[in-house]
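Fold and geometry: a report
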Amino acid sequence: MRILISNDDGYSAAGIRALARAMKRFGEVTVVAPEFNQSGSSNSLTLTRPLLVQEIEERVFAVNGTPSDSVHLALTGLLDEKPDLLLSGINCGQNMGEDTMYSGTVAAAIEGYFFGIDSIAFSQIERGWAHLDSAVKVAELIVEKFLQQKDERQPARLLNVNIPNLPYEALQGIVATRLGRRHHAESVIREVSPRGFPIYWIGAAGQPMDCGEGTDFWAVKSNAVSVTPLQVDLTNYSAVSSVASWLNQ
């Protein structure tokens, strides 16, 4: 089995190094990830300049671009063979609800999914890498279970996994969930630069709003691992006929 691993924290981050080591039990592992932190980069591709790829060590490549750049390059020329599985993470911080739209971690998995590859994004809820060994065990278990049930006749799958920062024994299981929703983000933080110009920091993410039973927020609050199957078709099919009606008036 050939496994491609990327992230948005950068190729040297603790989470991706630990994940890559653990996944070697399943097959050949190649890491292609951003050179530096690219959190919040979403699905952006770099189109205004060339990209530099450095082989840091055997089968570990650093790209001076985004997570989507990294996976795109890997799948369109950097690798000789198409991977069987793409993993992203383990991210330093949660990716739930609307976070998935901004997340570079999830974007790396989506890029693999675009190419017809089973793709899984892994994130820890809290920053700081506490209990990273536990998160790695969870990732191993999920990958193992995923491969056991995989039917080659099925289309590629896209999963988003969020893992509480707890000892493995304290986790309350692994549950399938849907994305919750957040309140609007908090206001920007306005400051003044040393040269007197106004500068702004994006405000913190909003607090959970739709966090009822069955959501990703509910799962991790219950100390369970959340596994959310995602799709990338944004079409609102129920609204197509109504839009057509007023367009044709």
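Criteria and thresholds
- Residues numbered from 1 in each chain as written.
- Predicted model: local features only at pLDDT ≥ 70, side-chain atom pairs only at ≥ 80, totals over all residues.
- Heavy atoms only, no water.
- Helix = DSSP H or I, 4+ residues; strand = E, 2+ residues; numbered from the N terminus.
- Contact = heavy atoms within 4.5 Å.
- Areas by Shrake-Rupley, 256 points an atom, 1.4 Å probe, with all protein chains shown as cover.
- Lys, Arg positive; Asp, Glu negative; His and termini not counted.
- Charge placed at Lys NZ, Arg CZ, Asp CG, Glu CD.
- Buried < 20%, exposed > 50% of the residue type's maximum accessible area, 1.4 Å probe, protein only.
- Core = buried A, V, L, I, M, F, W, Y, C linked by side-chain atoms within 4.5 Å.
- Polar contact = N/O pair within 3.5 Å; in protein donor to acceptor, adjacent residues only side chain to side chain.
- Patch = residues over 30% accessible without salt bridge, like charges linked within 9 Å, V, L, I, M, F, W, Y side chains within 5 Å.
- Salt bridge = Lys/Arg side-chain N within 4 Å of Asp/Glu carboxyl O.
- Pairing = 2+ DSSP bridges.
- Axes fitted to C-alpha atoms, helices over the stretch in contact; angles between N-to-C directions.
- Parallel < 35°, antiparallel > 145°, perpendicular 65-115°, else oblique.
- Left-handed = near helix turned anticlockwise from the far one by under 90°.
- Nonpolar A, V, L, I, M, F, W, Y, C, P; charged D, E, K, R; others polar.

**Remarks on the overall build of the chain**
Broken down by element type, the chain carries 7 helices and 13 strands. With the C-alpha coordinates of the chain rotated into their principal frame, the extents come out at 55 × 50 × 45 Å. Long-range contacts, defined as pairs at least 24 residues apart, comprise 76% of the intrachain contacts of the chain with a sequence gap of at least 6. Surface exposure of the chain reaches about 13400 Å², of which carbon and sulfur atoms provide 53%. Averaging the positions of the 20 positive and the 28 negative side-chain charges in the chain gives two centres separated by 2 Å.

**Re the environment of Ala239**
Residue position: Ala239 is located in helix α7 (residues 237–247). Residue Ala239 is classed as partly exposed on the basis of its relative accessible area, which comes to 22%. For Ala239 and Asp8, which are 231 residues apart along the polypeptide, the C-alpha to C-alpha distance reads 34 Å.

**Describing the nonpolar core**
Among soluble globular proteins, nonpolar side chains are generally buried collectively. In this structure, Ile5, Met23, Leu87 and Phe122 are the most contacted members of the largest nonpolar core, which totals 34 residues. Of all the elements, helix α5 (residues 132–149) adds the most residues to this core, at 8 residues. The next biggest cluster of nonpolar side chains, apart from the first, holds 17 residues, and it includes Leu4, Val63, Ala109 and Ala121.

**Concerning the environment of Asn91**
Looking at where Asn91 falls in the secondary structure, it is placed in strand β5 (residues 85–92). In this structure, the C-alpha to C-alpha distance between Asn91 and Ala244, residues 153 residues apart in sequence, is 42 Å. Discounting residues that sit within four places of it in the chain, Asn91 has contacts with Asp8, Asp9, Thr105, Phe122, Ser123, Gln124 and Trp129. Polar contacts involving the side chain of Asn91 include one to the main-chain carbonyl oxygen of Gly93, which spans 2.7 Å.

**Re a nonpolar patch on the surface**
Where nonpolar side chains cluster on the molecular surface, the patch consists of Met101, Tyr102 and Leu234 and spans about 410 Å² of accessible area. Tracing the sequence through the fold places Met101 in helix α3 (residues 99–102).

**Some words on the pairing of strand β6 (residues 118–124)**
Of all 7 residues that make up β6, 7 are buried, and the element is covered over most of its length. Judged by which residues are buried, β6 turns out to be covered on both faces: Asp118, Ile120, Phe122 and Gln124 on one side and Ser119, Ala121 and Ser123 on the other are all buried. Direction of pairing for β5 relative to β6: parallel, over a ladder of 6 bridges. If you follow Leu85 over to β6, its bridge partner there is Asp118. Pairing of β6 with strand β7 (residues 158–163) involves 6 bridges; the strand directions are parallel. Pairing of Phe122 across the sheet is with Val161, part of β7.

**Some words on the packing of helix α1 (residues 14–23) against α5**
Where α1 contacts α5, the two axes come as close as 10 Å, and the packing angle between them is 45 degrees. With respect to α5, the axis of α1 lies oblique. As α1 runs across α5, the sense of the crossing is right-handed. Seen from α1, the contacting residues are Ala14, Gly15, Ala18, Leu19, Ala22 and Met23; seen from α5, they are Leu132, Val136, Ala139, Glu140 and Val143. Considering only residue class, the contact of α1 with α5 consists of 9 nonpolar, 1 polar and 1 charged.

**Here we look at the sheet that holds strand β13 (residues 225–229)**
What the 9 strands build is an open sheet, ordered β3-β4-β2-β1-β5-β6-β7-β13-β8; its pairing is mixed. Looking at the sheet topology across the chains shown, the edges are occupied by β3 (53–57) and β8 (174–176). Going from strand to strand, the sheet's axes swing by 20 degrees on average, the running direction of each strand aside. Against the sheet, α1 touches β1 (2–6), β2 (28–34), β5 and β6, its axis set at about 140 degrees to β5.

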